[in-house]
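Examination of the molecular architecture
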Amino acid sequence: MSAQRLTLPVEGMTCASCTGRVERVLGALPGVSGVAVNLATGRASFDLAPDNDPGAIVQAVEEAGYAVPETATDLAVEGMTCASCTGRIERALRAVPGVREASANLATGRVTVRHPAGLVPVTALEAAVRDAGYEPRPAAAPARTGPAPSSEADALRHDLVTAAVLAAPVVVLDMAGHVAGHGGFGPWSAAVQAVLATLVLAGPGRRFFRRGVPGLLRGHPDMNALVALGTGAAYGYSLVATLAPHWLPEGTAHVYFEASVLIVTLILLGRFLEARAKGRTGAAIARLVSLSPRTARVIRPDGEAEVETGSLRPGDRVRVRPGERIPADGRVEEGESRLDESMLTGEPVPVRKGPGDPVTGGTLNGTGGLTVAVERVGSDTVLAQIVRLVEAAQGSKLPIQALVDRVTGWFVPAVMALSAATFLAWLVLAPGPSLGLAIVNAIAVLIIACPCAMGLATPTSIMVGTGRAAERGVLFRNGAALQALDGIRVVAFDKTGTLTEGRPALTDLIPVPGQDPDSVLALAAALETRSEHPLGRAVVAAAEARGLAVPAVSAVEAVPGFGLAGQAGGRAVLIGAERLMARHGIATTDLAPQAVRLAEAGASPVYVALDGRLAALLAVADPVKPGAAEAVAGLRRHGLAVALVTGDARRTAEGVARRLGIDLVRAEVLPEGKLAAVRDLRAAHGTVAFVGDGINDAPALAEAEVGLALGTGTDVAVESADVVLMSGDPAGVGTALALSRAVMRNIRQNLFWAFAYNAALIPVAAGILRVFGGPLLSPVLAAGAMALSSVFVVGNALRLRQA
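Note that the structure is a prediction, hence the values are computed from the model and not measured. (Residues numbered from 1 in each chain as written. Predicted model: local features only at pLDDT ≥ 70, side-chain atom pairs only at ≥ 80, totals over all residues. Heavy atoms only, no water.)

**What about the overall build of the chain?**
Scanning the chain from N- to C-terminus turns up 28 helices and 29 strands. Taken along its principal axes, the extent of the C-alpha atoms in the chain is 120 × 65 × 65 Å. In the chain, which comprises 803 residues, the share counted as buried stands at 53%. The long-range fraction of contacts in the chain, counting pairs at least 24 apart against all pairs at least 6 apart in sequence, stands at 69%. (Helix = DSSP H or I, 4+ residues; strand = E, 2+ residues; numbered from the N terminus. Buried < 20%, exposed > 50% of the residue type's maximum accessible area, 1.4 Å probe, protein only. Contact = heavy atoms within 4.5 Å.)

Below is the structure:
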């Protein structure tokens, strides 16, 4: 095998000496040659000899003071049927040099592999999957509803019908033989059953042998191996009893062809029902994808032209008629209408849109016509981002899945051992002739102990739950947030833009004697034009409403948690909280009583200083969101503590807290102080969820066990959060909490069923009831029970669609 040319990104290189250092470090490694490092692209290329560990390359680059970013590769995998399959694929991929983590999802039929960017070729991952006995396929296009559920269901339906048609005569002949007395129809009946059973196992049943036997030979048996062993043993024993009965002990030459064909038929029935149900688990994503219209009406110089939505480009202008869906993200240029944005926010009330307002692709236009300027298309649209977020959550593993992985790692080999023990126990201890009974009971143990239900218990619930959450405007960025939110003990809210509208208005302007209020407001507004803070926008809006000329700004500095400092109109201007004035040694005592009064009324007092002297006090009030008080009350009914963490003045914060029924208040908190507040709340009450929407909330969102960001907030806040509430309504916190608890309750039910089912029925299949005078469990009934277990788990997960 020749050396392989690899290219990896290197972060942290800033100059030519950096590239030289990286080249020297890589060139000194054994097996590495032809090193070339490009500073402009931030990439290093080299030839790596076979059988060299890529991990050593990453370690060398990191020891040199640079970093290789991690990336994720998705593969779709055909042939995964149970939890032991996912475990085997994960182990095979983790063994590939350079791979750091692999996570396979039985419900979606996909596996995500994390590794250093550029060091692990996709071909190496695909080869590992094939060596494990499965077939990888490209996953460039995100799977929408799992592993091609419709085609999978169609193939299973065909095999099921074929197996049922061939199995029916076998069952009739077997039952008729029992009615007429054993062997009542003579050897020809057994011969016909043998032919039909051969067709069933070689046709519809071939899938079990094709996948099960190689795994068995490799020493990695899975559910297919159990079925292949069970049906193969029943068929092989019956064939010997038919063609060479003298090879068997006297009185044991019975045929069990009906068991072999019915096992295949019933398991195919279970697989078919499971495939159909799994298709429905991804229905929410399919509905989201279908919201994007196929065509758009683009305005051209020579008229309108209908084009494919995929051909739209930013800058295009499109016409949207009443009742049509918006084809891409953009902004209204002409017209007025009301849009149904429930697919984004879960809120059923249409939202008014007019010139200048943003619109989102996939939302439904009401009764007015609109002209929309396209701004984002394809994968950049909000709808595409939502789909990616939900798919990422659906493909992730919860911490609770670790228990399942540990159990299923040894489950199938343990079942085979139990089956062998059952065979020996019946052969030795049962009264003769016991060979037939020993085989039948061993087969029953193999068939009934399928780990399918264990593998489906968690991912199906995650798929349905996250899809339902997306429909209600709650996006879980990762599946682990589902489990973490279920254990939350305290919810901490930011105030501005989270519990309040975030659109404050200037309510008071109190100048120091001798100061012109309009001049002070114009200078304050000049600085605030450089700020995105809601309070600042209120000041600018007030100046515009008064028709004031805002002077030019020559310099401005934002001091997080304090305010703004800068030069405007040739004067030094400070605008911010009392602590900003104190930092600059400016006394506020002249306006302190008015500030107290305004704060107790729920307004935010803001001081303005000009040229080092106090000039005025501004009061900005931000109305509380309509549903905020009810959202807080709902969380308290759930037994949670609720806290308010804000940078606003204490009196203002306490005034808002009183209106909302919040007892815990952390006020006048700087951005880094919010992080400390989260830690304090954790120490006092337990696990914390933090809800915010601003840049200054990002550290707290990341520190909390679960960070919830309002989708109306900044990109930084959204990227720092585990859960995104698209509606911007704090009531979404209660929705997210309820969905989390419903999903975790559903997962626990599924896991209990999967484990309890096996714990209870494996001894029954082994024949424990016969010891107490009870019946034996037929392999046919075992196959039916096994199929039922998987269908039950998926069906139980589908109940979350009504959550």
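Next comes the rest of the account.
**Details of the UniProt feature "transmembrane region" (unreviewed entry) in the chain**
Here the UniProt feature "transmembrane region" (unreviewed entry) sits at residues 185–204, 225–248, 254–273, 407–429, 435–458, 751–773 and 779–798. Spanning residues 225–248, this segment combines 79% helix with 0% strand, and its end C-alpha atoms are found 26 Å apart. Helix makes up 85% of residues 254–273 and strand 0%, with an end-to-end C-alpha separation of 33 Å. (UniProt positions renumbered as here; feature names shortened; annotations may be inferred.)

**Overview of the pattern of salt bridges**
Applying the stated criterion across every chain, the model contains 30 salt bridges. The residue Arg-137 makes a salt bridge to Glu-78 at a minimum N-O spacing of 3.4 Å. Within this pair, whereas Arg-137 is found in strand β7 (residues 135–137), its partner Glu-78 is found in strand β4 (residues 70–78), the two being separated by 59 residues in sequence. Of the residues examined, Glu-78 reaches a relative accessible area of 41% and is grouped as partly exposed. Arg-468 serves as the salt-bridge partner of Glu-471, at 3.3 Å between the closest nitrogen and oxygen. Of this pair, Glu-471 and Arg-468 are both found in helix α15 (residues 452–471), three residues apart, which corresponds to roughly one turn of the helix. For Glu-471, a relative accessible area of 24% puts it in the partly exposed group. What you see here is one network of salt bridges that share partners, running through Arg-297, Glu-304, Arg-319 and Glu-324. (Salt bridge = Lys/Arg side-chain N within 4 Å of Asp/Glu carboxyl O.)

**Regarding the confidence of the model for the chain**
For the chain, the average pLDDT comes to 84, and 92% of its residues sit at 70 or higher. For the stretch residues 140–149, pLDDT sits under 50, and the model shows 25 contacts to residues farther than four places along the chain or on other chains. (pLDDT = per-residue confidence, 0-100.)

**Re the packing of helix α6 (residues 187–202) against helix α8 (residues 223–243)**
Remark: α6 packs on α8, axes separated minimally by 10 Å, with the N-to-C direction vectors making an angle of 150 degrees. Taken as axis vectors, α6 and α8 run roughly antiparallel relative to one another. In the crossing of α6 with α8, the sense of the turn from one axis to the other is left-handed. Facing α6, whose interface residues are Ala-190, Ala-191, Ala-194, Ala-197, Thr-198 and Leu-201, α8 presents Thr-231, Tyr-235, Leu-239 and Thr-242. A breakdown of the residues in the contact of α6 with α8 according to their chemical character gives seven nonpolar, three polar and no charged. (Axes fitted to C-alpha atoms, helices over the stretch in contact; angles between N-to-C directions. Parallel < 35°, antiparallel > 145°, perpendicular 65-115°, else oblique. Left-handed = near helix turned anticlockwise from the far one by under 90°. Nonpolar A, V, L, I, M, F, W, Y, C, P; charged D, E, K, R; others polar.)

**Some details on the UniProt feature "domain: HMA" (unreviewed entry) in the chain**
Within this structure's numbering, the places UniProt gives as "domain: HMA" (unreviewed entry) are residues 4–69 and 71–137. Within the segment residues 4–69, helix and strand shares are 33% and 29% respectively, and the terminal C-alpha atoms sit 20 Å apart.

**Here we look at the sheet that holds strand β13 (residues 351–353)**
Reading across from one edge, β13-β12-β15 is the order of the three strands in this open sheet, with antiparallel pairing throughout. With partners counted over all chains shown, the strands left at the sheet margins are β13 and β15 (364–365), one partner each. Examined bridge by bridge, strand β12 (residues 337–340) and β13 share three bridges and lie antiparallel to one another. Considered in β13, the bridge of Arg-338 is made with Arg-352. (Pairing = 2+ DSSP bridges.)

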